[in-house]
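Remarks on the overall topology
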Amino acid sequence: MSDALHNFWLILSKPDNVPIVLMIILVVFYCWLAYKQARRNDRLGIFEATQSDKVQVWPYLVKIEFLVTIIVLIVLTVWAITINAPLEEAANPTLTPNPSKAPWYFLGLQEMLVYFDPWIAGVMLPTFIIVGLILVPYVDPNPKGNGYYTFKERPFAIATFAIGFLILWVLLIVLGTFMRGPGWYYFWPWEFWDTHRVVALTNIDIWEGLFGIPSKNVDGSFNLLQVALGGILVIGFLVALPMWIWKKYKEKSPVLRQMGALKFGMTAVLFLMMAGLPIKMFLRLAFNIKYIWVFGIGHDLFFNI
Amino acid sequence: MALKLPFVPPKPPPMEKMKKDITQSEAWKSIFRHSYQDNQRNRALQIVDNVFLHLHPVRVPRHATNYSFTWGMGGITFLLFIHLTVTGIILMFWYRPTEAFAFQDMKALMNDVAFGPLLRNLHRWAAHSMVITVMLHMFRVFLTGSYKPPRQFNWGVGVILLLLTFLLSFTGYLLPWDQLSIWAVTVGTNMARSVPLQGSEGPFSNYLGLRPDNDIRFILLGGTQVGEPTLLRFYVGHCIFLPFIAATLMAVHFWRVRKDGGISGPVMNTKASEGAKYIAEKMATKRIAQIKGAPANGNGTAAPVKAPAAPKPAAAPVTAAPSAGAAPAPPPTAGGAKAPPPWLKK
Ligand code: HEM
């Protein structure tokens, strides 16, 4: 036990993992800071200053910048004196380390590779993240909450972004760093990172698990019933569901009408794709579900979702 | 003792005289354009007469100096970028991006070069920190809703800067040329195999005849695996190409922060944010009208924004609206809905 904890300490204190520990601390601190201000604003209303409430940049802002500069440089210098950047063995293309990990900030993306095919997890989803982020200001219909912390005035936006950033980005990085060991298996902190760990492959496609409908026939072709069921579920989730919501609520909801069909459609599809990730992760980790839809067109277009 | 007459003023002490001689000299005056007496005018000149400081306006709303509001994260990100540029340039004196030298140079840096480890550590830890601070900066901007009108475009510029920060860090990761670097970069660049229509294992690759030696990953790496050409590509990208683009976009980003009315806040009183307030109010009014069931584009009371445009005398001073754009919009009944600010007309 203590050996294992020692093992975990070694991982935790690896020079390249120190920044991640720092990130955890900073994220927790700033969440608290933002929460505190949002709660105050939501309770008391925002403080509205007047035209005259301006201060001169020199010295009131420059002073702070100067102070922050010095603090940051001191922290960096102390850090650089006390901890050496890692330098491992010389590059050897014939010797693959296990586990092979991307740089830490991409570990959330590497984690997604477990659940989807590379062209989806490694190419399409990152693209959607970037595109989705750029679109945020153009699809957010809420004019309120511009320039101050609040939760009450934009609960949906804040909750979505917080979950996306804190759980799907930061938490996945943390898990990928500290708990993904050899073979990209999950290891608990007290477990030794055994490079020879063998895990029985018990993952099963959802329709086979539920109804015994295999994904492929004996001759290797796709089972059409499975293709239909999976297709209905996936396309239903990403396309039919937003259309249904639009139809049902566009009369009642001024927000939807203000957004219009196009903006609503884009927002809904991006949102549902984001929501799909934790759903799929949950199905895999809790029920060993491999895929929901196994389908391919031609030689190389595969939807293993 | 009798007073000596006529009265001779005491000689100024030599220091005072020297100071005066210096500060009145042509050379001094050509460099320092104002005196340093503490008054409002000199404080303003201190900002506008300095090429670096004039990034700032002369005065800012009080909340913009509040660390709890901005967390200082954009500024710290910029500071780290400058720090990385400086340490990076010095590192370039010690590093050759070839298979034969790269790793050896790193070893030498860590063992033989005076202050080599300090230099390398400073660069590496600052790089990791910059990734963290840029993510936190984005988180802050989202939480304060600062991407909303008129700052939509600057948010987009920011997203590209986020991407560039990742790419800068990623390309730098390869340069030590040890096991950690080449395998991390191998894992990362393997994704390029799967790009639809571009990668040898991506959708439609068979139809396009894409192979490992002619697809997009090949272009990226300069080979079928991470090797010497990759090292050179990443080196040039890391040291010149990406920093150049990032610096350019940062200039755009900062310029935009100013043009969009400075740091966002519940107070809207600058020229540009007057426009933002107008848009926000217009949106809110429209929405209230919709909630009340009035036609969205009707020309009744539901759309007061259009109505007063014509009758209002142009010279009438625009009265400061009591509520900021962010607060619930005033009910659309009173005919006093503001005309669009002059620069938004038409
Ligand atoms: C290299 C990266 C970046 C640098 C150096 C940078 C720098 C800055 C600075 C110095 C400010 C002034 C206010 C502050 O410090 O918070 C600012 C504001 C802003 N940044 Fe960035 N930024 C970067 C990346 C980003 C990213 C990733 C985003 C969002 C996706 C973003 C969006 C914005 C917006 C919308 C503002 C205006 C905020 C307001 O008015 O309150 N920036 N940036």
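**Considering the overall build of chain A**
- If you tally the helices and strands in chain A, you get 9 helices and 3 strands.
- Ordered by position from N to C terminus, the α and β elements of chain A give α-α-β-α-α-α-α-α-α-α-β-β.
- When the backbone C-alpha atoms are referred to their principal axes, chain A occupies close to 80 × 65 × 35 Å.
- Relative to its full complement of 305 residues, chain A shows a buried share of 43%.
- In chain A, of all internal contacts separated by at least 6 residues, the share reaching a separation of at least 24 is 62%.
- As presented, chain A carries roughly 16400 Å² of accessible surface, and 72% of it is formed by carbon and sulfur atoms.

**Notes on the interface of chain A and chain B**
- With 101 residues of chain A at the contact, the number on the chain B side is 104 residues.
- Summed over both partners, the interface of chain A with chain B buries about 9400 Å², with 69% contributed by carbon and sulfur atoms.
- At the junction of chain A with chain B, the criterion picks out 2 salt bridges.
- The salt bridge involving Arg124(B) is made with Asp16(A); its shortest N-O contact spans 2.7 Å.
- Taken together, chain A and chain B are joined by 42 residue pairs in polar contact (both at pLDDT 80 or more).
- Contributions of two or more residues to the side of chain A that touches chain B are made by α2 (18-44), β1 (54-56), α3 (57-82), α5 (118-139), α6 (155-178) and α9 (254-287) of chain A.
- Tallying contributions element by element places α3(A) first for the side of chain A that touches chain B, with 17 residues.
- By residue class, the composition of the side of chain A that touches chain B is 67 nonpolar, 20 polar and 14 charged.
- Bridge count between β1(A) and strand β1 (residues 59-61) of chain B: 3 bridges; the pairing is antiparallel. Bridge assignment links Lys54(A) to a residue of β1(B), and that residue is Pro61(B).

**What to know about the site of the ligand**
Residue and element names in this part refer to chain B.
- As a matter of local geometry, the ligand sits amid 25 residues, with His 137, Arg 140, Gly 158, His 253 and Ser 264 nearest to it.
- One nitrogen or oxygen atom from the side chain of His 137 is found 2.8 Å from a nitrogen atom belonging to the ligand.
- The separation between an oxygen atom of the ligand and a polar side-chain atom of Ser 146 is 3.2 Å.
- When residues of the shell around the ligand are traced back to their parent elements, those giving at least two are α5 (73-92), α7 (116-143), α8 (152-174) and α12 (228-259).

**Some thoughts on the coordination of the iron atom of the ligand**
Residues and elements named next belong to chain B.
- Distances from the iron atom of the ligand to its protein donors, His 137 (NE2) and His 253 (NE2), fall at 2.0 to 2.1 Å.
- For the iron atom of the ligand, the 6 donor atoms in the first shell make angles of 85 to 179° at the metal, so the coordination geometry reads as octahedral. Of the two residues, His 137 sits in helix α7 while His 253 sits in helix α12, which places them 116 residues apart along the sequence.
- On the accessibility criterion, His 137 (18% relative accessible area) is buried.
- Note on His 253: relative accessible area 13%, which makes it buried.

**As for α8(B)**
- Helix length check: α8(B) (23 residues) gives 34 Å between terminal C-alpha atoms against 33 Å at 1.5 Å per residue, within 8%.
- Within α8(B), 17 of the 23 residues are buried, leaving the element largely enclosed by the surrounding structure.

**Brief notes about the nonpolar core**
- In terms of nonpolar packing, the biggest core is built from 89 residues, with Met23(A), Trp104(A), Trp71(B), Met135(B) and Trp155(B) touching the most fellow members.
- Looking at which element gives the most residues to this core, the answer is α6(A), with 11 residues.
- With sequence-adjacent residues up to four places away left out, Trp155(B) is seen in contact with Leu133(A), Ile134(A), Val136(A), Pro137(A), Phe161(A), Met138(B), Val141(B), Phe142(B) and Tyr147(B).
- In terms of nonpolar packing, the next biggest core, distinct from the first, is built from 21 residues, Leu122(B), Leu161(B), Leu168(B) and Ala246(B) among them.

**Remarks on the packing of aromatic side chains**
- If you walk through the whole model with that rule in mind, you get 35 aromatic pairs over all chains.
- Taking 5.3 Å as the distance between ring centres and 0° as the angle between the ring planes, the aromatic pair formed by Trp79(A) and Trp125(B) counts as stacked. Within this pair, whereas Trp79(A) is found in helix α3, its partner Trp125(B) is found in helix α7, the two belonging to separate chains. Trp125(B) carries the same exposure label as Trp79(A), and that label is buried.
- Relative to Phe166(B), the ring of Trp169(A) has its centre 6.0 Å away and its plane inclined at 40°; by these criteria the two rings are tilted. Here Phe166(B) lies in helix α8 and Trp169(A) lies in helix α6, a pairing that spans two chains.
- A relative accessible area of 15% places Trp169(A) in the buried class.
- The class of Phe166(B) is buried, set by a relative accessible area of 7%.
- Clustering of aromatic rings is evident, with ring pairs tying together Phe29(A), Tyr30(A), Trp32(A), Tyr149(A), Phe161(A), Phe165(A), Phe69(B), Trp71(B), Phe139(B), Phe142(B), Tyr147(B) and Trp155(B).
- Cation over ring: Arg96(B) sits above Phe101(B), and NZ or CZ is 3.8 Å from the ring centre.
- The ring of Phe69(B) carries the charged tip of Arg140(B) above its face, separated from the ring centre by 5.3 Å.

**Examining the side chain of Asn41(A)**
All names here are of chain A.
- Relative to the helices and strands, Asn 41 is located in helix α2.
- Judged by relative accessible area, which is 10%, Asn 41 ranks as buried.
- When sequence neighbours within four positions are dropped, the list of residues in contact with Asn 41 reads Ile 46, Tyr 148 and Tyr 149.

**Description of a nonpolar patch on the surface**
- Where nonpolar side chains cluster on the molecular surface, the patch consists of Ile82(B), Val86(B), Ile89(B), Ile90(B), Met92(B), Phe93(B) and Trp94(B) and spans about 670 Å² of accessible area.
- Among the secondary structure elements, Phe93(B) is positioned in the loop between α5 and α6 (102-111).

**Observations concerning the pairing of strand β2 (residues 294-297) of chain A**
Residues and elements named next belong to chain A.
- Burial along β2 is one-sided: Val 294 and Gly 296 are buried, and none of Phe 295 and Ile 297, which face the opposite way, are.
- Judged from the 4 bridges that link them, β2 and strand β3 (residues 301-304) form a sheet pairing that is antiparallel. Bridge assignment links Phe 295 to a residue of β3, and that residue is Phe 303.
- Between β2 and β3, which follow one another and run antiparallel, lie 3 residues, and Gly 298 among them has a positive phi close to 65°.

**Digging into the pattern of salt bridges**
- Scanning the model with the defined rule gives 9 salt bridges over all chains in all.
- For Lys148(B), the salt bridge goes to Asp140(A), with nearest N and O atoms at 3.5 Å. Residue Lys148(B) is located in the loop between α7 and α8, and its partner Asp140(A) is located in the loop between α5 and α6; the two belong to separate chains.
- Linking Arg211(B) and Asp213(B) is a salt bridge whose minimum nitrogen-to-oxygen distance equals 2.9 Å.

The rules behind the values
- Residues numbered from 1 in each chain as written.
- Chains lettered and ligands numbered in written order.
- Predicted model: local features only at pLDDT ≥ 70, side-chain atom pairs only at ≥ 80, totals over all residues.
- Heavy atoms only, no water.
- Helix = DSSP H or I, 4+ residues; strand = E, 2+ residues; numbered from the N terminus.
- Buried < 20%, exposed > 50% of the residue type's maximum accessible area, 1.4 Å probe, protein only.
- Contact = heavy atoms within 4.5 Å.
- Areas by Shrake-Rupley, 256 points an atom, 1.4 Å probe, with all protein chains shown as cover.
- Buried area = accessible area lost by both parts, 1.4 Å probe.
- Salt bridge = Lys/Arg side-chain N within 4 Å of Asp/Glu carboxyl O.
- Polar contact = N/O pair within 3.5 Å; in protein donor to acceptor, adjacent residues only side chain to side chain.
- Nonpolar A, V, L, I, M, F, W, Y, C, P; charged D, E, K, R; others polar.
- Pairing = 2+ DSSP bridges.
- Near = heavy atom within 4 Å.
- Donors = N, O, S within 2.8 Å, 3.2 Å for Na, K, Ca; no water.
- Tetrahedral: all angles 85-135°; square planar, octahedral: opposite > 155°, others 65-115°.
- Expected span 1.5 Å × (residues − 1).
- Core = buried A, V, L, I, M, F, W, Y, C linked by side-chain atoms within 4.5 Å.
- Phe/Tyr/Trp six-rings, centres within 6.5 Å; stacked < 30°, edge-to-face > 60°.
- Lys NZ or Arg CZ within 6 Å of the ring centre and 35° of its normal.
- Patch = residues over 30% accessible without salt bridge, like charges linked within 9 Å, V, L, I, M, F, W, Y side chains within 5 Å.

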